[in-house]
Amino acid sequence: LYRSATATPGGPCEYAEDFFAREYRMNYTLHTYPKPIICWGHGIVMGGGLGVMAGCGHRVVTEKTRIAMPEVTIALFPDVGGSWFLNHMPGRTGLFLALTGASINAADAIYTGIADRFVASEHKPELVEQLLKQRWQADPAANHALVRHTLRPFAEQSVSQCPGGQVEPHLGSINTLCDGDDIHEILDNIVSQQTGDPWLSRARDSLVQGSPLAVLWTFRQLVETRHASLREVFQAELLLVTNIVRHPEFAEGVRALLIDKDRKPAWQYQSSRDVPAAVLDSFFTAPWASNPLADL
């Protein structure tokens, strides 16, 4: 993706654009698939992996689950359906996580609605064994019930091992920080907060390191898809990501954090207020006559 984005600056990036179109089509299929799909979200679940988990019918997290959406630090945005599930989180949680890339755990995932059950990882072998013993039927609804029936006792046995969450206890602070007259004021609130809380501090510092341009298109994407259908969400995400991979900001973010790893990206703008309105608008202007996901 990086080589494709840097090969023809400003022009089409065929490999990257085809990759995202296929990925989003797959994500939409997962969200709408009638048969039960179980995702075991153990360990780091980020980026494309989070998109896969979010779309599955039965999403299980463990004591080692670590989730984050740090796309603003590479000048992208929380895609793969992020515009859908972030907008459905409690209060202003989705916006806060999108802007800061804050890390969350299993309890947070369940609270915010991107996971369904907590099961301690030690139960996985027995859980798989029990699933293999089920008498599956032709009716998807009946099979979903069988999965729930199988998962439930393992979740009940695991309650005491679920870690304490960060999002719910901080919900009041999150809502206050994200209560601004515009995106610039919200950013000011988060960046200027004086706090000794380690979770909020890490979130603040992550935002400071992110691309000011990416922060703006992330905020606008969430606003514009707030009442969109799932189909419209993936179409909107493809429009935005297509414009992003044609822009040098994305290539610079990937270079600094994933290629050279110097963690010193040379962002095009020093602050969100420096970004011209026309520049931001250009990322939300369709780059083709017909959206490749128009047939969803």
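Use the structure listed above.
Residues numbered from 1 in each chain as written. Predicted model: local features only at pLDDT ≥ 70, side-chain atom pairs only at ≥ 80, totals over all residues. Heavy atoms only, no water.

(A) How the structure looks around the overall build of the protein chain. Scanning the protein chain for helices and strands turns up 15 helices and 5 strands. By the compact-globule yardstick of 19 Å for 296 residues, the protein chain fits well, its C-alpha radius of gyration being 20 Å. Taken along its principal axes, the extent of the C-alpha atoms in the protein chain is 60 × 50 × 35 Å. Long-range pairs, those at least 24 residues apart, make up 72% of the contacts in the protein chain between residues at least 6 apart in sequence. Just so you have it, the protein chain exposes about 13700 Å², and 52% of that area is on carbon and sulfur atoms. (Helix = DSSP H or I, 4+ residues; strand = E, 2+ residues; numbered from the N terminus. Rg over C-alpha atoms; globule rule 2.2 N^0.38 Å. Contact = heavy atoms within 4.5 Å. Areas by Shrake-Rupley, 256 points an atom, 1.4 Å probe, with all protein chains shown as cover.)

(B) Quick peek at helix α13 (residues 230–245). For α13, built from 16 residues, the straight-helix expectation of 22 Å at 1.5 Å per residue is met to within 8% by its first-to-last C-alpha distance of 23 Å. With respect to burial, α13 is a largely interior element, 13 of its 16 residues being buried. (Expected span 1.5 Å × (residues − 1). Buried < 20%, exposed > 50% of the residue type's maximum accessible area, 1.4 Å probe, protein only.)

(C) Seen up close, the nonpolar core. The biggest cluster of nonpolar side chains holds 74 residues, and the ones touching the most others in it are Y24, F96, L97, L99, W199 and W217. Core analysis: the second largest hydrophobic core is formed by 8 residues, V60, V119, L127 and F154 among them. (Core = buried A, V, L, I, M, F, W, Y, C linked by side-chain atoms within 4.5 Å.)

(D) Just unusual backbone geometry, in detail. At V80, a residue that is not glycine, the phi angle is positive and equals roughly 45°. With a relative accessible area of 4%, V80 lands in the buried category. Positioned with a positive phi, R263 is a non-glycine residue whose angle comes to about 55°. Along the chain, R263 turns up in the loop between α14 (248–259) and α15 (277–282).

(E) View of α14. In terms of burial, α14 is a largely internal element, 9 of the 12 residues being buried. Where α14 is concerned, the buried positions are E249, F250, A251, E252, G253, V254, R255, A256 and L257. K261, located one to two residues past α14, shows a positive phi value of around 55°.

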